[in-house]
Amino acid sequence: GATGSANTGTRFDLEKETELRFEVEAGERVQLELLSGLAEIFGSELNRNKKYMFGPGSKIAVFTWQGCSVSLSGKTEVAYISRDTPMLLYLNTHAALEQMRQQAERDNERGPRVMVVGPTDVGKSTVCRLLLNYAVRLGRRPTLVELDVGQSGVSVPGTMSALCIERPADVEEGFSVQAPLVYHFGSTTPGTNIKLYNKLTSTLAEVFSQRCEVNRKASVGGCIINTCGWVKGSGYQALVHCASAFQVDVVLVLDQERLYNELKRDLPHFVRVVLLPKSGGVVERSKDCRRESRDEKIREYFYGFRGTSFYPHAFDVRFSDVRIYKIGAPSIPDSCLPLGMSQDDTQLKLVPVSPGRDLTHHVLSVSCAEDDTGDGTSARGRGVLESPVCGFIVVTAVDTQAQVMTVLSPAPRPLPRHTLLIMDIRFIDLK
Ligand code: ATP
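Residues numbered from 1 in each chain as written. Predicted model: local features only at pLDDT ≥ 70, side-chain atom pairs only at ≥ 80, totals over all residues. Heavy atoms only, no water.

Draft legend 1. Representation of the overall build of the chain within the structure. For the chain, the count of helices and strands is eight helices and 26 strands. Counting only C-alpha atoms, the chain reaches 70 × 55 × 40 Å along its principal axes. Looking at the chain as a whole, 49% of its 431 residues are labelled buried. Look at the contacts in the chain between residues 6 or more apart in sequence, and 72% of them connect residues 24 or more apart. Carbon and sulfur atoms make up 49% of the accessible area of the chain, which amounts to about 20500 Å² in all. Within the chain, one finds 50 positive and 50 negative side-chain charges whose respective centroids are separated by 2 Å. (Helix = DSSP H or I, 4+ residues; strand = E, 2+ residues; numbered from the N terminus. Buried < 20%, exposed > 50% of the residue type's maximum accessible area, 1.4 Å probe, protein only. Contact = heavy atoms within 4.5 Å. Areas by Shrake-Rupley, 256 points an atom, 1.4 Å probe, with all protein chains shown as cover. Lys, Arg positive; Asp, Glu negative; His and termini not counted. Charge placed at Lys NZ, Arg CZ, Asp CG, Glu CD.)

Listed below in structure tokens is the structure:
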């Protein structure tokens, strides 16, 4: 039950295995405090008598295994206690994965590689966060592989990435993203260039496997792969591709029996496909809501988040000092392709772009690839496509007369590298 007034905070007493769900109103902030007992948010434990702040639009569940009292102050859109949660099933899933890690440790094998799939708004990212938190709380070092190019939890939208998890997610800010490995995809849906999407999935799988070979803890920890909500047609094929690239052992299907049956049918028999219910607390997000959270991610990249403010730099970059590419040529009819070239080649082609006014507001990835030799391969032979990204800039103005563009950058000039990749994604800097 809840008691109290808005000023002093409303007190909620939760019985064991229940959760308090709340949403923060637009333009508001809500403060949460654990008064007694034990509680966690998406697998991160709350500290007693610490005040946690949640910004506008946050959708939160405070879960307790043992029972607790918390106080909430500020304007919530909804706040209610639910007894009906799938948390026990999620905990059992974690326990099964932990058993696989123990076995891997014993037998000198690798730990579980888990792919989390399902349509949009079923709580995929939340389940990933929960499983990673539970694993890292037991001293494991799992890897988060983020393949959701629309709503990345690790980097800006339009990227695919991997992150070693070394401590539980911060209750307010999520996982600390100190040294993620990030690749440029360039748009917010895999369908824009499914060939590139699958190629980058393979690249991430290779890099992860290489790391597992040299790092026993990473190997035993395994990985949790978050995927896109696009589960039909090529989106489905991309899931099957991912399962094979990472050689996943477990697939967790959230909320969709059809997808569960399809994957059971199409994946090798040794892959354990498990159907899990979604939580009734997961809130559907509108298109606008998604766009806003993407925008927010980019803003955070440049300006920081809450306690930590960053001060981005603005400077001019001469066209002649950089090479700008778009990945993928527009597809042309098969009959018009040069002899020996396939549509695949066009989707993975680096197309040089001469900067114009239409570049304004676009986000560009700064590729780690070194010294472009002009044909898209670096001096070391690694292609730009397979090279990770070392940062992002936004084009704020283009002067075609002077042949320069002004960019917003997290670091002062000069740019660390000179190969830039254009994203479809735009960011309007209102600061
Ligand atoms: P997408 O398809 O966009 O990637 P998703 O399936 O990964 O979505 P999440 O991002 O995990 O879904 O969850 C959607 C929203 O619901 C998030 O804001 C999350 O904080 C919230 N949420 C998840 N579980 C709960 C819960 N039990 N109670 C309240 N809110 C929740």
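Draft legend 2. Structural detail: the pairing of strand β23 (residues 362-367). In terms of burial, β23 is a largely internal element, six of the six residues being buried. Of the two faces of β23, both are covered, the one formed by His362, Leu364 and Val366 as well as the one formed by Val363, Ser365 and Ser367. One ladder, built from four bridges, connects β23 with strand β26 (residues 419-426); its direction is antiparallel. Residue pairing in the sheet places Val366 in a bridge with Leu420 of β26. When β23 meets strand β24 (residues 389-399), the two strands line up antiparallel, connected through five bridges. Residue pairing for β24: Ser367 is matched across the bridge by Val389. (Pairing = 2+ DSSP bridges.)

Draft legend 3. Molecular detail of the side chain of Lys124. Along the polypeptide, Lys124 turns up in helix α2 (residues 124-137). It is Asp148 that comes nearest to the buried, bridge-free Lys124 among opposite-charge side chains, at 5.6 Å. Among residues more than four places away in sequence, those in contact with Lys124 are Val116, Val117, Gly118, Pro119, Asn226, Thr227, Cys228, Gly229 and Leu254. (Salt bridge = Lys/Arg side-chain N within 4 Å of Asp/Glu carboxyl O.)

Draft legend 4. Inspection of the site of the ligand at higher detail. As a matter of local geometry, the ligand sits amid 21 residues, with Lys59, Ser125, Thr126, Arg285 and Arg290 nearest to it. At a separation of 2.9 Å, an oxygen atom of the ligand approaches a polar backbone atom of Gly123. A breakdown of the residues in the shell around the ligand according to their chemical character gives six nonpolar, seven polar and eight charged. (Near = heavy atom within 4 Å. Polar contact = N/O pair within 3.5 Å; in protein donor to acceptor, adjacent residues only side chain to side chain. Nonpolar A, V, L, I, M, F, W, Y, C, P; charged D, E, K, R; others polar.)

Draft legend 5. Representation of the sheet that holds strand β20 (residues 313-318) in the model. Within the open sheet, the seven strands sit side by side as β20-β25-β24-β23-β26-β21-β22. Their pairing is mixed. The open sheet terminates on both sides in strands that have one partner only, identified here as β20 and β22 (350-352). In this sheet, neighbouring strand axes are inclined to one another by 40 degrees on average, regardless of whether the strands run parallel or antiparallel. With five bridges joining them, β24 and strand β25 (residues 404-409) adopt antiparallel strand pairing. In the strand pairing of β25, Val394 is matched with Leu408. Where helix α7 (residues 287-303) meets the sheet, its contacts fall on β23, β24, β25 and β26, and the angle it forms with β24 comes to roughly 100 degrees. (Axes fitted to C-alpha atoms, helices over the stretch in contact; angles between N-to-C directions.)

Draft legend 6. Main features of the nonpolar core. Counting 44 residues, the largest nonpolar core has Met115, Tyr197, Ile225, Phe246, Val251 and Leu263 as its most contacted members. Every element with two or more residues in this core is listed here: β11 (113-117), β13 (159-164), α3 (194-214), β15 (223-226), α5 (233-245), β16 (250-254), α6 (257-266) and β21 (323-327). Apart from residues no more than four positions distant in its own chain, Phe246 is found in contact with Arg113, Val145, Thr201, Leu204, Ala205, Phe208, Cys223 and Ile225. Of all hydrophobic cores here, the second largest spans 27 residues; its members include Met100, Val114, Cys128 and Leu144. (Core = buried A, V, L, I, M, F, W, Y, C linked by side-chain atoms within 4.5 Å.)

Draft legend 7. Examining unusual backbone geometry more closely. Omega for the bond connecting Arg413 with Pro414 falls within 30 degrees of zero, at 0 degrees, which places this linkage in the cis form. Of note, Pro414 is situated in the loop between β25 and β26. Positioned with a positive phi, Asn108 is a non-glycine residue whose angle comes to about 55 degrees. Here Asn108 is to be found in the loop between α1 (87-107) and β11. What makes Asn108 exposed here is its relative accessible area of 59%. Here the phi dihedral of His361 falls at roughly 75 degrees; this positive angle occurs in a residue that is not glycine. Relative to the assigned elements, His361 resides in the loop between β22 and β23. You can call His361 partly exposed: its relative accessible area is 27%.

Draft legend 8. Highlighting the pattern of salt bridges. Evaluated as defined, the whole model comprises 20 salt bridges. The salt bridge partner of Arg11 is Asp13, with a shortest N-O separation of 3.1 Å. For Arg11, a relative accessible area of 35% gives the class partly exposed. Two residues, Glu19 and Arg21, come together in a salt bridge whose shortest N-O distance is 2.7 Å. Classification of Arg21 as buried rests on a relative accessible area of 7%. Within this structure, Glu98, Arg101, Glu105 and Arg140 form a network of salt bridges that share partners.

Draft legend 9. Region of interest: the packing of α5 against α6. Viewed as axis vectors pointing N to C, α5 and α6 meet at an angle of 50 degrees, and their least axial separation amounts to 11 Å. Relative to α6, the element α5 lies oblique. As for how α5 packs across α6, the hand of that crossing is right-handed. For the pair α5 and α6, contact is made by Tyr236, Leu239 and Val240 and by Leu259, Glu262, Leu263 and Asp266, respectively. For the contact of α5 with α6, a count of residues per class yields five nonpolar, no polar and two charged. (Parallel < 35°, antiparallel > 145°, perpendicular 65-115°, else oblique. Left-handed = near helix turned anticlockwise from the far one by under 90°.)

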